[in-house]
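# Coordinate analysis (summary)
Okay, here's what each chain looks like letter by letter:
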Amino acid sequence: MITHMATDSMDKEELVSPEALERVREFMLTLPKENGWRAFQPLCLYQGFWSFPHFLQGIILAQQHFKPKPGDIFVCSAPKSGTTWLKALTFAIFTRNLFDNSNTPLLNKGPHHCVPTLVGFGEKPDIREPGIPLIATHAPYHSLPKSALDSDHAKIVYICRDPKDAFVSMFQFAAKRRPKEIEPISLEEAFNLFCEGKSVFGPAWDNILGYWKASLERPAKVMFLKYEDLLDDSELFVKKLAEFMGYPFSLEEEQVGAVQKIVDLCSFENLSNLEVNKTGKRHAGDALATNKSFFRKGKVGDWQNYLTPEMAERLDKIMEQKLSGYGLNFKLNDGS
C-alpha cells in the first residue's frame, strides 16, 4: 500500500509549478478510496489517515514546499472539535493590539477566513494572511510539514473533544454539505464507519493521540487543549493559550478585563449571531459552504440526543483501548 509520496527539493518560494501540482493529483488517484460517507468526494487513505483530495493536495504540497517563518503557529484540530472557536481565539489574541471588539475583522469575516488552511497551498506566494502567522489544519501531527516540525520557531496548538460529540457534529455537518443528488447516509452507517476509523482525518483516536504524545514530548512546541476544558474555564485557558503563543496578557490587560473581552468576542453565542456568520459563505460560488454551517450548538454532551447507550459504550471502549497507557481520557459527561 502506498503511504507517502517522495518529496521534491525545497523551492525558495511556495509557488508550485503546474508540473508538480499535476504529479500530486496523479499520485492521489493511486490512493485507496472509501466512499461510505457518500460525500462530495471519496475519502483517500494517505499516511494512515483518511481525507478528501480537496484537503489532501495542500497537505502533500506543504510537506514538500512549506518554508517556516519565525513566529508561525499551526492551529490544529480534530474535525468538528472546536476548530472555529480556536481560530477565533488565536486570531483575537494575536491581533488584540491592532483591533478591539468594535473593529476586529472577526465582525466582518468568519474565523475560517481570518485563519487560512493549507487548502490552496502553492497557488500563491504565501498561504498566510498578510502579517498573521496562523495556519490551520486537521492533518495528523506526523503529517505536518517536516520543516515546521523541525523548526525552533514554529509552534502548534491543538484542540479535540469527546469523540461522541465530534462524531455527531461531523454527521450533521456532512448532511448539510452533501449535494442533494447524492443519497444520504444513515446515522448508524456513519457511526460504523467512524468506529472503523473511516472518517475525514480519521481514525479519530490516531489524530488525537499523535498530538497528545507530541505535547508530552515537546511541551514548549505543542499545546494540547480539550474543548470541554476550554468551555469550562475559558478565561484560564485563554490566558494559557496566549502565553504559549508568545503573546501573554500583561497584568494591566488582565486588570482592565482584556481576557474576558476576548472570551466574550469569541463565544459561540456572539460569533454565531454575527450577520457574517448567519448569511456569509465559506467559499464563493458554493451554496452549501455557508458560514452558518460551522455553528451548530457548541454544547457538551449533545451526543445523548443522537446515540443509543450501546453506541456510546462502543465508542467509549474503542477510545479507552486506543488511549490506554497514555494518561489521556475524556470525561463521561451526562450532557447536563
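Read on for a plain summary of the structure. (Residues numbered from 1 in each chain as written. Predicted model: local features only at pLDDT ≥ 70, side-chain atom pairs only at ≥ 80, totals over all residues. Heavy atoms only, no water.)

A complete count under the given rule lists 13 salt bridges for this structure. The residue Glu34 makes a salt bridge to Lys198 at a minimum N-O spacing of 3.8 Å. A residue pair is termed long-range when its members are at least 10 positions apart, and Glu34 in strand S1 (residues 33-34) and Lys198 in the loop between helix H7 (187-195) and helix H8 (204-217) qualify at 164 residues. Since its relative accessible area comes to 26%, Lys198 is described here as partly exposed. Asp150 serves as the salt-bridge partner of Lys146, at 2.5 Å between the closest nitrogen and oxygen. Taken together, the positions of Lys146 and Asp150, both in helix H5 (residues 146-150) and four residues apart, correspond to about one turn of that helix. (Salt bridge = Lys/Arg side-chain N within 4 Å of Asp/Glu carboxyl O. Helix = DSSP H or I, 4+ residues; strand = E, 2+ residues; numbered from the N terminus. Buried < 20%, exposed > 50% of the residue type's maximum accessible area, 1.4 Å probe, protein only.)

This part covers the pairing of strand S6 (residues 155-160). The two faces of the sheet receive side chains in turn, since in a regular strand these alternate between them. Burial analysis of S6 places five of its six residues in the buried class, which makes it a mostly covered element. As judged from the five bridges shared by strand S4 (residues 73-77) and S6, these two strands associate in the parallel manner. Bridge pairing in S6 links Ser77 to Ile159. Two strands pair when backbone bridges link them, and S6 and strand S7 (residues 222-226) are joined in this way by five bridges, in the parallel orientation. Following the sheet pairing, Val157 is matched in S7 by Met223. (Pairing = 2+ DSSP bridges.)

Mapping Ser234 onto the fold places it in helix H10 (residues 234-245). Residues within four places of Ser234 in sequence aside, it is in contact with Trp85 and Val263. (Contact = heavy atoms within 4.5 Å.)

With that settled, the discussion passes to the side chain of Lys221. Structurally, Lys221 is set in the loop between H8 and S7. At 6.6 Å, Asp152 is the nearest oppositely charged side chain to Lys221, a buried residue that forms no salt bridge. A polar atom in the side chain of Lys221 sits 3.0 Å from the backbone oxygen of Ala148. Side-chain polar atoms of Lys221 contact the backbone oxygen of Ser151, separated by 2.8 Å. Contact partners of Lys221, with chain neighbours within four places excluded, come to Ala148, Leu149, Ser151, Ala154, Lys155, Ile156 and Phe244. (Lys, Arg positive; Asp, Glu negative; His and termini not counted. Polar contact = N/O pair within 3.5 Å; in protein donor to acceptor, adjacent residues only side chain to side chain.)

A complete count under the given rule lists 18 aromatic pairs for this structure. Taking 6.1 Å as the distance between ring centres and 80 degrees as the angle between the ring planes, the aromatic pair formed by Tyr46 and Phe49 counts as edge-to-face. Judged by relative accessible area, which is 2%, Phe49 ranks as buried. Here the aromatic rings of Phe49 and Phe201 are separated by 5.8 Å at their centres, their planes lie at 10 degrees, and the arrangement is stacked. Pair noted here: Phe49 is in strand S3 (residues 49-51) and Phe201 is in the loop between H7 and H8, with a separation of 152 residues, a long-range link. Accessibility classification places Phe49 together with Phe201 in one group, the buried group. The ring of Phe244 carries Lys155 above its face, with NZ or CZ at 4.9 Å from the centroid. (Phe/Tyr/Trp six-rings, centres within 6.5 Å; stacked < 30°, edge-to-face > 60°. Lys NZ or Arg CZ within 6 Å of the ring centre and 35° of its normal.)

What follows is about the sheet that holds S3. Taken in spatial order, the three strands line up as S1-S2-S3 in an open sheet, and their pairing is antiparallel. Pairing within the sheet leaves two strands with one partner each, and these edge strands are S1 and S3.

On to H10. Owing to its 3.6 residues per turn, the α-helix aligns residues three or four sequence positions apart on the same side. Between its terminal C-alpha atoms H10 stretches 16 Å, which fits the 16 Å expected from 12 residues at 1.5 Å a residue. Within H10, burial applies to Ser234, Phe237, Val238, Leu241, Ala242, Phe244 and Met245. When H10 is viewed along its axis, its buried side chains cluster within an angular range of 160 degrees and face the same direction. At the C-terminal side of H10, Gly246 shows a positive phi close to 100 degrees. (Expected span 1.5 Å × (residues − 1). Arc of directions from axis to C-beta.)

Further remarks concern the sheet that holds S6. Sheet architecture is open: four strands sit in the order S5-S4-S6-S7, paired in parallel fashion. Single-partner strands in this sheet number two, and they are strand S5 (134-137) and S7. Strand-to-strand twist in this sheet, taken as the mean axis angle between neighbours without regard to direction, amounts to 20 degrees. In this structure, S4 lies alongside S5, joined through four bridges in parallel fashion. The partner of Phe74 across the bridge, within S5, is Ile135. In this fold H10 packs onto S4, S5, S6 and S7, with an angle of close to 165 degrees to the strand it touches most, S7. (Axes fitted to C-alpha atoms, helices over the stretch in contact; angles between N-to-C directions.)

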